[in-house]
Amino acid sequence: MKALILNCTLKPSPATSSTEALANVVIAELEKGGARTELVRLVDLDIRPGVESDMGDGDEWPGVRGKILAADIVVFATPTWLGQMSSICLRALERMDAFFAETDESGRPVMFGKVAGIVITGNEDGAHHIVATVSQGLIDMGFTIPAQSWTYWHLGPGPGPDYVETDQGHDYSDRVGRNAARNLIALAKVLKPDTYPVPESGE
């Protein structure tokens, strides 16, 4: 089983990413459950705006697209800015719009049989809004969203330390993150493409 984690931080490598730090809690539990994981920091790539699978002219989204297609589990990890997901996270979702036009050999959306989760960090509220917004888009594409397949960390409204600068609130966020990883693995095992039948023509 393969899990892909898309880190949608605005900070290019090698800058420390609080979002990646919390995502690593989920990654550790996914690996404990037997998943092979890969983390991609999207801001390091040249991902062009658009809604096609390949926007040409050096666009690096096709490589990410291939990783999504190969994954059983996809986790979006995003910071919170102005109560919203990062622009990098939104761009990834926009590029995934192209999946709506794609089906497998049985005529099912190519995202069927995949599960998704969400990791959120930030110093202001907005986590539940982001969970709802990202989940809605992914469900439309064909992903299955398990119960409590998310975790978030923030210290309320206004400025404050980052996740990597304080231990405050980590107990809750880390525990929920580990539970999210377990739920993702459990449902991904159920939804493997060969575990549910394809209706006969005309049914």
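For the structure itself, look to the data block above.
Criteria and thresholds
- Residues numbered from 1 in each chain as written.
- Predicted model: local features only at pLDDT ≥ 70, side-chain atom pairs only at ≥ 80, totals over all residues.
- Heavy atoms only, no water.
- Helix = DSSP H or I, 4+ residues; strand = E, 2+ residues; numbered from the N terminus.
- Rg over C-alpha atoms; globule rule 2.2 N^0.38 Å.
- Contact = heavy atoms within 4.5 Å.
- Areas by Shrake-Rupley, 256 points an atom, 1.4 Å probe, with all protein chains shown as cover.
- Salt bridge = Lys/Arg side-chain N within 4 Å of Asp/Glu carboxyl O.
- Buried < 20%, exposed > 50% of the residue type's maximum accessible area, 1.4 Å probe, protein only.
- Pairing = 2+ DSSP bridges.
- Right-handed = clockwise from strand over helix to strand, strands pointing away.
- Patch = residues over 30% accessible without salt bridge, like charges linked within 9 Å, V, L, I, M, F, W, Y side chains within 5 Å.
- Core = buried A, V, L, I, M, F, W, Y, C linked by side-chain atoms within 4.5 Å.

Undergrad: How do you make sense of the overall build of the protein when you look at a structure like this?
TA: Broken down by element type, the protein carries five helices and six strands. The order of α-helices and β-strands along the protein, N terminus first, is β-α-β-α-β-β-α-β-α-β-α. Against the 2.2 N^0.38 benchmark of 17 Å for 203 residues, the protein shows a C-alpha radius of gyration of 17 Å, consistent with a compact globule. Once the C-alpha set of the protein is aligned to its principal axes, its extents read approximately 60 × 40 × 25 Å. Put simply, of all contacts in the protein between residues at least 6 apart along the chain, 77% involve residues at least 24 apart. Per element, the accessible surface of the protein, about 9700 Å² overall, is 53% carbon and sulfur.

Undergrad: Can you help me understand the pattern of salt bridges in this one?
TA: Where charged atoms from two side chains of opposite charge come close, those side chains can pair. Counted according to the given criterion, the structure contains nine salt bridges. Its salt-bridge partner being Arg41, residue Glu20 comes within 3.1 Å of it at the nearest N-O pair. Linking Glu20 in helix H1 (residues 18–32) with Arg41 in strand S2 (residues 36–41), this pair joins segments that are 21 residues apart in sequence. Classification of Arg41 as buried rests on a relative accessible area of 10%. For Arg48, the salt bridge goes to Asp46, with nearest N and O atoms at 2.7 Å.

Undergrad: What exactly am I supposed to notice about the pairing of strand S1 (residues 2–7) here?
TA: If a strand is regular, its side chains alternate between the two faces of the sheet. Burial runs high along S1: six of the six residues are buried. Neither face of S1 is exposed, since Lys2, Leu4 and Leu6 on one face and Ala3, Ile5 and Asn7 on the opposite face are all buried. Bridge count between S1 and S2: six bridges; the pairing is parallel. Paired with Leu4 across the strands is Glu38, a residue of S2. In this region the chain leaves S1, passes through H1 and returns to the parallel neighbour S2; the handedness of that crossover is right-handed. When S1 meets strand S3 (residues 73–81), the two strands line up parallel, connected through five bridges. Paired with Ala3 across the bridge in S3 is Ile73.

Undergrad: What's the story with a nonpolar patch on the surface in this structure? I'm lost.
TA: Taken together, the side chains of Leu10, Trp81 and Leu82 make up a nonpolar region of the molecular surface, amounting to roughly 370 Å² of accessible area. Summarising the element assignment, Leu10 is placed in the loop between S1 and H1. By relative accessible area, Leu10 is classed as partly exposed at 39%.

Undergrad: Got a minute to help me understand the environment of Ile68 in this structure?
TA: Structurally, Ile68 is set in helix H2 (residues 61–70). Ile68 gets classed as buried once you look at its relative accessible area, which sits at 0%. Spatially, the C-alpha atoms of Ile68 and Met111 are 8.8 Å apart, while their sequence positions differ by 43 residues. Not counting residues within four places of it along the chain, the set of residues in contact with Ile68 comprises Leu4, Leu6, Trp61, Val74, Met96, Phe99, Met111, Lys114 and Phe143.

Undergrad: Help me out: how do you make sense of the nonpolar core in this one?
TA: Across soluble globular proteins, nonpolar side chains have a tendency to be buried as a group. Ile68 and Phe76 are the most contacted members of the largest nonpolar core, which has 34 residues in total. Elements represented by at least two residues in this core include exactly S1, H2, S3, helix H3 (87–95), strand S5 (115–121), helix H4 (127–141) and strand S6 (150–153). Here the element with the most residues in this core is H4; it accounts for six residues.

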